[in-house]
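If you want the building blocks of each chain, they are given just below.
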Amino acid sequence: MTLFSQPMFWATATIAAFVASQHSYQALKRPVFLPPILMALLLVILLLFVTDTSYQVYMAGGGYLHDMLGPLIVMLAVPLFMQLKHMRQHWLRISLAITAGSLTTVAVAWLLVSVFIGDELIATTMLAKSITTPVAVAITNELGGNAALVSGFVIVTGILGAVMIVPILSILKMDQPETVGLSLGILAHAIGTGRALELGETESAYAAMAMTLTATLHAVLLPWLML
Amino acid sequence: MTGFLILLVFLVLGILVQQLLGLPVPASITGMLLLLAFLVVRGSVPEPLRKTTSFLAPWLPMFLVPVSVGIVLHKQLLAEHGLALLMILTVSLIPGILICALCMKIGRSKKS
């Protein structure tokens, strides 16, 4: 059918899939393993499969939305600015936790991929796994990774982190609100920050701050390391 | 719309600075850092920009769907390495969590 070759159809379908996913997410009481972006993604993939549409044809319409990412990434400066005030008290240990924690998880993932899979594209793509999806997508091309893959890695990492971090920290008896929030933001970016919102105000403030600082640090640092 | 215009202006500035200096950092990130510097100097968020941000922020994930759908181009890679990748993503989180928690603890004991 010719409708399925129309860019505007696919732009509309993407928005519809996301709106439907957001409503289902609320209706299902915010399941941590099914964030709206993942549900929308699966819906669109299903629709492409059912209508036998290629990614290239889809992207003619999906590109309308994709082009909005530039200004939206610039926009992330606003929450970052508003969160900087939380750093004043403990800026040294916060900077240390963010730098050491985020670079450790990325280094371990990179090493494991290099040793067990041995694929350079996957290993390079892995480098951006700990940062919020828009920033990960923006820097991955610069790094020589793959933007579609990194998006998958980031979403899965976020879900894993949101599920694993709280139980692990409470087993270790290191579950102070600041530590929990910071770990969620550093290791599980926006999905972890969503989880932190359910825990409390301190947790969510620390998570949001850690997420934006990790993204900024990696976005600036990784391209230089890869030169 | 004024708020959105501010974002576009900083994006264009980001493109300009990135190209002039030949930075390896993406133009959008450069634009974000320039906007951050502007906000720090100004000391507050201009009202139109605050409005635009609170309107657009919840929709941000939607704009990431198209690029993420590109995963369909990597079916073979996922079939081959999907399970290993899932395990690597899981395992690599643990040292990250430990280091984070330890850093927060070191700071705490020094302080007290």
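Bear in mind the structure is a predicted one, so any value in this text is a computation, not a measurement. (Residues numbered from 1 in each chain as written. Chains lettered and ligands numbered in written order. Predicted model: local features only at pLDDT ≥ 70, side-chain atom pairs only at ≥ 80, totals over all residues. Heavy atoms only, no water.)

Thoughts on the domain arrangement of chain A
Residue and element names in this part refer to chain A. Taken as a whole, chain A is organised into domain 1 (1-67) and domain 2 (75-225). At the junction of the two partners, domain 1 supplies eight residues and domain 2 supplies eight residues. For the pair domain 1 and domain 2, the summed buried area comes to about 590 Å², and 85% of that belongs to carbon and sulfur atoms. The largest share of the area that domain 1 buries against domain 2 comes from Val 32, Pro 35 and Ile 37, three residues that together contribute 58% of it. In this structure, the connection of domain 1 to domain 2 is made through zero salt bridges. Our count for the contact surface shared by domain 1 and domain 2 stands at zero residue pairs in polar contact (both at pLDDT 80 or more). For the side of domain 1 that touches domain 2, the element with the highest residue contribution is helix α2 (residues 36-51), accounting for three residues. Tallied by class, residues from the side of domain 1 that touches domain 2 come to six nonpolar, one polar and one charged. (Domains from an automatic or database assignment. Contact = heavy atoms within 4.5 Å. Buried area = accessible area lost by both parts, 1.4 Å probe. Salt bridge = Lys/Arg side-chain N within 4 Å of Asp/Glu carboxyl O. Polar contact = N/O pair within 3.5 Å; in protein donor to acceptor, adjacent residues only side chain to side chain. Helix = DSSP H or I, 4+ residues; strand = E, 2+ residues; numbered from the N terminus. Nonpolar A, V, L, I, M, F, W, Y, C, P; charged D, E, K, R; others polar.)

Regarding the interface of chain A and chain B
Listed as interface residues are 86 residues of chain A and, on the opposing side, 70 residues of chain B. Taken as a group, A:Val74, A:Phe81 and A:Arg93 account for 10% of the area that chain A buries against chain B, more than any other trio of residues on that side. Taken together, the connections running from chain A to chain B amount to zero salt bridges. Counting the contacts that link chain A with chain B gives five residue pairs in polar contact (both at pLDDT 80 or more). Per-element accounting of the side of chain A that touches chain B gives the leading share, 14 residues, to helix α9 (residues 147-171) of chain A.

A short note on the layout of surface pockets
As a volume, the largest pocket reaches approximately 1,200 Å³. Taken together, 38 residues line the largest pocket, and the ones lying closest to its centre are A:Ala190, A:Gly194, A:Leu197, B:Ala57 and B:Pro61. In terms of residues, the lining of the largest pocket owes the most to one element, helix α10 (residues 177-199) of chain A, which gives eight residues. When grouped by side-chain class, the residues that make up the lining of the largest pocket number 23 nonpolar, 12 polar and three charged. Taken together, domain 1 (1-67) and domain 2 (75-225) of chain A each give at least three residues to the lining of the largest pocket, which thus spans both. In this structure, the second largest pocket encloses a volume near 310 Å³. Of all the secondary-structure elements, those providing two or more residues to the lining of the second largest pocket are α2 and α9 of chain A together with α5 (75-111) of chain B. (1 Å grid on protein atoms, 1.4 Å probe; cavity = no way out; pocket = protein on both sides within 12 Å on 5 of 7 lines; lining within 4 Å. Points joined across faces, edges and corners; volume = space filled by probe spheres on them.)

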